[in-house]
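Geometric and topological summary
Letter by letter, the chains look like this.
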Amino acid sequence: MAYKRQIDRLPIIPADAKEHNVTCHYCIVGCGYKAYTWPMNKQGTTSNNKFGQDLGEQQSADSNAWYSPSMYNVVRQDGKDVQLVVMPDGDCVVNAGLGSIRGARMAENRPSKVTGTQQQRLSDPLVWRNGVMQPTSWDDALDLVAKVTARVVSEGSEDDLVVSMFDHGGSAGGYENTWGTGKLYFESMKIKNCRIHNRPAYNSEVHSTRDMGVGELNYQYADYELTDTIMIVGANPLETQTNLFLNHMVPGMRNGARVIFVEPRRTVSINAAEEVAGAENVLHLQINTGTDMALFNALLTEIVDKGWIDADFIANSTFEDGVAQPEDAAHPAALGSLKVAMESCRVSLDEAEEICGVSAGDIATAAAWIAEPKDGARRKCVTAYEKGIIWGNDNYRTIGALVNIALATGNVGREGGGICRLGGHQEGYYRPSDAHVGRPAAYVDRLLISGQGKIHHIWACDHYKTTLNAAKFKQAHKRRADMVKTAMDNAAGGTREELIDAIVGAVNAGGLFVVDVDIIRSQIGENAHVILAACESNEMNLTSMNGERRMRLSEKYMDPFGNSMPDCLIAAGIAQHMEAALRGLGEDAYADQFQGYDWKTEEDAFMDGYNKGNPEVTYERLRAMGNNGVLEPVVGYEDGKLVGTERLYSNGTFGTGDGKARFCAAGWRGWQADGKEAEQKKFQFWINNGRANIFWQNQFLDQDNDFIQDRFPFPFIEMNPADMADLGASAGDLVEIYNDNGATQAMVYPTPTARRGETLMVFGSPAGSQGNVINPGVNELVLPDYKHTWANIRKVADAPESARHISFKSKEYTT
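Looking at an unreviewed UniProt entry, the protein chain carries the name Arsenate reductase (Azurin) large subunit, with the source organism given as Pseudohalocynthiibacter aestuariivivens.

**Some details on the overall build of the protein chain**
Across its full length, the protein chain carries 25 helices and 32 strands. A globule of 815 residues ought to have a C-alpha radius of gyration of about 28 Å, and the protein chain, at 26 Å, matches this closely. Judged by the C-alpha coordinates and their principal axes, the protein chain covers about 80 × 70 × 65 Å. Taking all 815 residues of the protein chain together, 65% fall into the buried category.

**Some remarks on the sheet that holds strand β24 (residues 663–664)**
The three strands lie next to each other as β12-β13-β24, forming an open sheet whose pairing is antiparallel. The sheet is open, and its two edges are formed by β12 (323–325) and β24, each paired on a single side. Sheet topology places strand β13 (residues 335–336) next to β24; two bridges connect them, and they run antiparallel. Across the sheet, the residue bridging to L335 is C664, located in β24.

**Some thoughts on a negative patch on the surface**
Together, D350, E351, E353 and E354 make up a negatively charged patch on the protein surface. Summarising the element assignment, E354 is placed in helix α11 (residues 349–356). Judged by its relative accessible area of 70%, E354 falls in the exposed class.

**Examining the packing of aromatic side chains**
This structure, assessed with the given rule, holds 24 aromatic pairs. Judged by centre distance (5.2 Å) and plane angle (55 degrees), the ring pair of W391 and F763 falls under tilted. With W391 in the loop between α13 (387–390) and α14 (395–408) and F763 in the loop between β29 (758–762) and β30 (778–779), this residue pair connects regions lying 372 residues apart in the sequence. A residue is classified by how much of its surface remains accessible, and F763, at 5% relative accessible area, is buried. The ring of W391 has K387 lying over it, and the distance from NZ or CZ to the ring centre is 4.9 Å. The positively charged end of R621 is found above the aromatic ring belonging to Y637, 3.6 Å away from the centroid.

**Here we look at unusual backbone geometry**
Cis peptide bonds are those with omega within 30 degrees of zero, and the linkage from R439 to P440 qualifies with 0 degrees. Checked against the element boundaries, P440 lands in the loop between β15 (419–421) and α15 (444–449). Backbone torsion omega between E632 and P633 reads 0 degrees, so that peptide bond is classified as cis. Examined against the element boundaries, P633 turns out to sit in the loop between β21 (630–631) and β22 (636–638). One non-glycine residue with positive phi stands out, namely A96, at about 50 degrees. Take A96: it is sitting in the loop between β4 (80–88) and β5 (126–129). Residue A96 is classed as partly exposed on the basis of its relative accessible area, which comes to 43%.

**Some thoughts on the environment of M607**
Relative to the assigned elements, M607 resides in helix α20 (residues 602–608). Since its relative accessible area comes to 31%, M607 is described here as partly exposed. Along the chain, M607 and E780 lie 173 residues apart, while their C-alpha atoms are 37 Å from each other.

**Considerations on the pairing of strand β32 (residues 790–797)**
In this sheet, β32 lies alongside strand β25 (residues 685–690) in antiparallel orientation, the contact comprising two bridges. Counterpart to W686 in the pairing with β32 is W790. With five bridges joining them, strand β27 (residues 734–738) and β32 adopt antiparallel strand pairing. The residue of β32 that forms the bridge with E736 is R794.

**Brief notes about the packing of helix α1 (residues 138–155) against helix α17 (residues 496–508)**
As a packed pair, α1 and α17 sit with axes 10 Å apart at the nearest point and diverge in direction by 50 degrees. Comparing their axes, α17 and α1 come out oblique. You can see that α1 and α17 cross each other, and the crossing is right-handed. Contacts between α1 and α17 involve D140, D143, L144, K147, V148, R151, V152 and E155 on the former and, on the latter, R496, L499, I500, D501, I503, V504 and V507. Taken together, the residues that form the contact of α1 with α17 break down as eight nonpolar, no polar and seven charged.

**Things to note about the sheet that holds β15**
Sheet strands associate in pairs through backbone hydrogen bonding, adopting either a parallel or an antiparallel arrangement. The strand order β11-β10-β9-β14-β15 describes an open sheet built from five strands, whose pairing is parallel. The sheet is open, and its two edges are formed by β11 (282–285) and β15, each paired on a single side. The mean inter-strand angle of the sheet, taken between neighbouring strand axes irrespective of direction, is 15 degrees. Alignment of strand β14 (residues 381–385) against β15, held across three bridges, turns out to be parallel. Its bridge partner being in β15, T383 is matched across the sheet by I419. Contacting β9 (229–233), β10 (258–262), β11 and β14, helix α12 (residues 360–371) crosses the sheet at an angle of about 130 degrees to β11.

**Section: the environment of A509**
Following the sequence through the fold, A509 ends up in the loop between α17 and β17 (513–518). Through-space distance from the C-alpha of A509 to that of V214 is 47 Å; in sequence the pair is 295 residues apart.

**Thoughts on the side chain of S765**
Topologically, S765 is positioned in the loop between β29 and β30. Residue class for S765 comes out buried when judged on its relative accessible area of 2%. At 3.1 Å, the side chain of S765 and the backbone nitrogen of A767 are in polar contact. Leaving out residues up to four positions away in the same chain, S765 has contacts with K465, Q699 and P715.

**Considerations on helix α18 (residues 567–584)**
With 18 residues, α18 extends 26 Å from end C-alpha to end C-alpha; this agrees with the ideal 26 Å at 1.5 Å per step. Buried residues dominate α18, accounting for 14 of its 18 residues. Downstream of α18 by one or two residues, G586 has phi in the positive range, about 80 degrees.

**Looking at the pattern of salt bridges**
Tallied over the full model, the rule gives 59 salt bridges. A salt bridge links R266 to E812; the shortest N-O distance between them is 2.6 Å. In this pair, R266 sits in the loop between β10 and α7 (268–277) while E812 sits in the segment after β32, placing the two residues 546 residues apart along the sequence. Of the residues examined, R266 reaches a relative accessible area of 23% and is grouped as partly exposed. Classification of E812 by relative accessible area gives partly exposed; the value is 21%. The partner of R397 in a salt bridge is E327, with the nearest N and O atoms 3.3 Å apart. Taken together, the residues R397 in helix α14 and E327 in the loop between β12 and β13 connect sequence positions 70 residues apart. When its relative accessible area of 9% is taken as the criterion, R397 is described as buried. Salt bridges here are not isolated pairs; linked through shared partners, they connect D167, R199, E205, E386, K387 and R421.

**Considering helix α10 (residues 338–345)**
Count 3.6 residues to each turn of an α-helix, and residues three or four apart come out pointing the same way. Every buried residue of α10 is listed here: L338, V340, A341, M342 and C345. For α10, the secondary structure elements touched by its buried residues are α8 (292–305), α9 (311–317), β12, β13, α14 and β24.

**Quick notes on the state of the cysteines**
Defined simply, a disulfide is a covalent bond joining two cysteines at their sulfur atoms. For the structure shown, the criterion picks out zero disulfides. In this model C381 remains outside any disulfide bridge; the closest cysteine sulfur is found in C420, 12 Å from its own. Looking at C381, the relative accessible area reads 2%, which means it is buried. Just so you know, C568 is unpaired, no disulfide at all, and the nearest cysteine sulfur is the one on C535, 8.1 Å from it. Among the residues examined, C568 registers a relative accessible area of 0% and is labelled buried.

Thresholds applied
Chains are numbered independently. Their residues run from 1 in the order of the written sequence. Given that the model is predicted, a residue must reach a pLDDT of at least 70 before its local features are reported, and side-chain atom pairs must reach 80 or more before they are shown or counted; all residues, however, enter totals for whole chains, interfaces and linings. Side-chain numbers here rest on the full set of heavy atoms in the structure, without hydrogens or water. Note on conventions: DSSP H or I runs of at least 4 residues are helices, E runs of at least 2 residues are strands, and numbering of each starts at the N terminus. Radius of gyration here is computed from C-alpha atoms only, and the compact-globule reference equals 2.2 Å multiplied by the residue count raised to the power 0.38. Exposure categories follow from relative accessible area, calculated using a 1.4 Å probe and restricted to protein chains: below 20% of the type maximum is buried, above 50% is exposed, and the middle band is partly exposed. Strands were regarded as paired on the criterion that DSSP finds at least two bridges between them. Two distance rules govern patches: like charges are joined within 9 Å, and nonpolar side chains (Val, Leu, Ile, Met, Phe, Trp, Tyr) within 5 Å, applied only to residues with over 30% relative accessible area and no salt bridge. Residue-level accessible areas treat just the shown protein chains as cover; the underlying method is Shrake-Rupley with a 1.4 Å probe. One side-chain nitrogen of Lys or Arg within 4 Å of one carboxyl oxygen of Asp or Glu is enough to make a salt bridge. Note that His is not counted, nor are the chain ends; the positive residues are Lys and Arg, and the negative ones are Asp and Glu. Positions of charges follow a simple convention, taking NZ of Lys, CZ of Arg, CG of Asp or CD of Glu. For Phe, Tyr and Trp, rings pair up if their centres lie within 6.5 Å, where Trp contributes its six-membered ring, and each pair is then called stacked (planes under 30 degrees apart), edge-to-face (over 60) or tilted (otherwise). The rule for a charge over a ring is simple: NZ of Lys or CZ of Arg within 6 Å of the ring centre, and within 35 degrees of the ring normal. Every axis corresponds to a line fitted to the C-alpha atoms, with the helix fit spanning only the stretch in contact, and the corresponding angles, defined between N-to-C directions, vary from 0 to 180 degrees. Oblique is the label for every angle not falling under 35 degrees (roughly parallel), over 145 degrees (roughly antiparallel), or within 65 to 115 degrees (roughly perpendicular). When the near helix sits turned anticlockwise from the far one by under a right angle, the crossing is termed left-handed; a clockwise turn instead gives a right-handed crossing. Should any heavy atoms of two residues lie within 4.5 Å, those residues are counted as being in contact. In the scheme used here, Gly and all other residues not listed as nonpolar or charged are polar, with Ala, Val, Leu, Ile, Met, Phe, Trp, Tyr, Cys and Pro taken as nonpolar and Asp, Glu, Lys and Arg as charged. Residues adjacent in sequence count toward polar contacts only when both atoms are side-chain atoms; beyond that, a polar contact is any pair of N or O atoms within 3.5 Å, and within protein one must be able to donate a hydrogen and the other to accept it. A helix is expected to span 1.5 Å multiplied by its residue count minus one. Two cysteine sulfurs form a disulfide in these notes if their separation is within 2.5 Å.

Written out as C-alpha cells, the structure reads:
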C-alpha cells in the first residue's frame with residue numbers, strides 16, 4: 001500500500017497549546033480525543049512540551065506523547081492558520097487512549113489550504129444557473145428556497161414538500177442540528193412525507209423494543225466487563241465498533257465471559273473472540289439467513305422449559321394480565337404477558353434446527369450460556385444487536401423475540417446485563433413530536449418514484465448510495481429534477497418572479513425542485529437546484545450521546561470551511577426567509593409559525609431546544625465534564641457536576657404507561673417483505689451487505705483521502721474461492737451483480753470462510769451501490785430489508801491497474 005501523506009517529521013506540541021475536548025464523530029462508540037492547536041511559527045521542545053515528557057528519551061509503546069501523521073494538519077482558527085493535532089484521550093473511559101482507523105484520521109480529514117486536504121468541501125451556497133451550479137450568497141440561495149417552498153405549499157399543501165434528514169448525532173447531527181431541522185419541519189410545519197438518512201420512511205428502526213417499554217440504549221459499556229455471557233446478534237463489532245470491542249468486550253472475555261455470535265457468516269469478530277477467550281468459550285450459531293426469530297424463540301422456549309427465568313423480575317416488572325396491546329397495523333405483533341408471548345413463540349430445538357440450520361445441541365448450549373444459573377446465582381448476559389436483524393427479516397417481531405429473552409432472564413437494568421443495539425452513528429435526536437407523521441409512515445421513495453411531491457429538501461444524506469430499489473429511485477429522481485433544470489435554463493436572464501414561475505410550472509408538470517444541504521457535493525446532490533454548504537463537528541460546537549448514552553460537548557477548534565454554516569443555522573435561515581416569503585404572499589397567520597429562529601450560534605439552538613427540556617444541561621457544564629461527559633438522562637447537578645443515569649430500568653420501572661415491560665408475541669412466519677422468497681429461489685447468490693473498518697458509512701470524506709482509496713478504490717465483494725473459480729474470477733477482478741431490480745459492480749475479495757453462494761458487499765460505496773439490486777419490498781412499518789437480496793454475478797474485467805497492488809490476505813488474525 002502506498003504511503004501518501006508526504007510528512008517526514010511532526011512538530012512537538014508546545015506546553016501552552018490550546019486544548020479542546022473532541023468526541024469522534026464517526027461511529028456510535030464515541031471515543032474521546034484531544035485536539036491541540038498552536039501558532040504556525042511555534043513548537044515545543046524535547047524537554048518542554050504539552051505532555052511533560054522527556055522526548056529526548058525513547059518513548060514506551062503506550063506513551064501518551066505519540067501521534068501519527070494522520071493526526072496532524074494545518075487548519076484555520078479565528079482566520080489564521082494554526083497547527084492541529086487530534087489524538088486519542090487516554091483518560092476517556094470509552095476508549096482509554098485507543099484510536100480507530102477512522103477516528104485517528106480526523107485531523108487529516110479536515111480541510112486545509114496549506115496541506116491540500118479535503119478541498120472537495122463546499123465553501124459557499126450554489127444555485128443552478130446557466131446550465132451549471134454557480135456560487136452565490138446565502139441571502140440569494142435561501143430566498144430562492146423559501147419563495148419556491150412557500151409558493152408550492154401555500155398553493156397546494158405541506159404534503160407537496162418531501163424531506164430527507166438525519167436523525168443522529170456526530171458529523172451531521174447533534175442535538176443542535178436535529179432541533180433546528182425538527183423545529184422547522186415538525187413545529188413550524190407539519191411535514192409527514194419525510195424519511196431518515198438510511199431508510200425510506202420517518203420511523204424507528206426498533207419500534208418493537210420501544211413498544212415493549214425497553215429503550216434500545218439501556219446499558220453502559222462497562223457491563224461487557226462485568227458479565228458472564230456476551231451475545232452478539234447480526235453485528236461485527238471489531239469491524240464497526242472497534243474500540244467498544246477492544247476496550248470493553250475483550251476485557252470481559254479476559255474476565256471469563258463466554259461469547260455467542262448469531263451470524264450467517266464467519267466474521268473477524270468471531271475470529272478475534274476465539275483468540276482472546278479460546279474457541280471453547282465462543283459459540284457461533286451460523287444460521288440460515290433470515291431465520292433469527294425462530295432461533296430466538298427456541299432459546300426462549302428452552303429457557304422457560306428449564307425454569308431458568310427470573311420469576312421475581314417477571315412478577316414485579318412485566319405485564320402479567322394477558323394482552324396489553326393487540327396486534328394491529330401499527331403493531332405487527334401483540335404485546336403482553338410472558339404466557340401470551342409463549343403461545344406464539346414456542347419453537348422446539350428440533351424445529352429450530354430444521355428452520356435455522358443450527359444443531360439442536362448448539363442451541364441448547366447457547367440457552368445454558370445465557371440463562372443457566374451459575375454458582376447458584378442468576379447468570380448475567382449482555383446482548384448486543386445491530387443491522388443484521390434491524391435491516392433484516394420481519395424487523396418488529398425479530399427484535400421483539402430477542403428482547404423477550406432478556407426480559408425473561410431479568411437481564412435488563414442490572415449490572416452486567418442489558419439488551420442494546422450497537423448502532424451506527426452517535427445519537428443526537430431532539431425534535432418536536434413527530435406524531436403527525438403517522439405509523440406506518442409514508443414510504444417516501446415510492447412516493448417520489450411515482451411522481452408525487454414537488455419539492456425535496458435533503459439534509460446530509462445520499463439515497464443514491466443508501467437506499468433500496470436505488471436504480472429505480474435514481475432514474476426517477478434525476479428525470480424529475482432535470483425537468484426543473486430545463487425550466488430554470490429557459491428562464492435565464494429573467495426576474496426572480498419569472499424564475500419562480502418557471503420552477504413552479506415545472507413541478508406542477510411532474511418535476512421536482514431539489515435542495516441539498518451537505519458538506520460536499522454528493523451523488524444525489526448532482527440533481528440539486530440549490531446546494532447549501534454546511535459545516536461539521538469541530539467547525540461548530542456539537543453535542544451528542546454514544547451507544548451507552550454518554551453525552552459530551554465536542555468543541556469547536558477550527559473555522560467553518562469558507563462560508564459554510566451549521567445545519568441548525570441553515571434551518572433558521574430557511575425559516576426566517578419562509579416567514580418573509582409567506583408574508584409577501586399574504587399568508588400572515590402561516591408566516592407567524594416561522595418565528596423564534598433568531599439564533600446567532602449553535603449554542604442558541606441548543607438552548608432553544610435541548611436545554612428547555614433538560615435545564616440542568618448547558619455548554620459550560622458539559623465542557624467541565626470533559627470527554628467522559630454524563631450518562632443520559634441527566635437527573636441533577638451536584639458539587640459542580642452533572643449527575644446522570646448508569647443504567648436504564650435499574651428501578652424495575654419501564655417505559656410504558658403502567659411501567660411494566662411487555663413481552664412480544666413474535667410468532668415465526670417466514671419471509672415478511674415482498675419479493676424476498678421468490679428472489680431467493682430465482683438467483684444464485686445471496687448478496688449480503690456490511691461495512692469495512694477502514695471507512696465509515698458512505699465514505700463521504702474518504703472519497704478524497706488517498707490512503708483509503710489506495711486500499712479500496714472499488715467496493716469489494718467477499719466470495720468463496722470456489723464460486724470465484726466458477727466465474728473465472730481472481731482476486732481484484734471486477735464483477736457485475738445483477739437481478740431484476742438493477743445492477744452494480746464490485747471488486748472480488750476471496751474469502752475462504754464464506755459459504756458457497758453467499759457473498760458480502762460493502763454497503764454505501766460511492767463507486768458501486770449495493771442498493772441498486774435490492775428490491776423495493778419492506779417490512780411492516782416500512783423498515784427496509786437491506787440484508788436479503790439475491791442476484792447473479794458475472795465477471796466483467798480483470799483487475800484494473802489501480803487494484804493490482806492491493807493485498808487480498810485473509811482478514812482474520814492468526815497467532
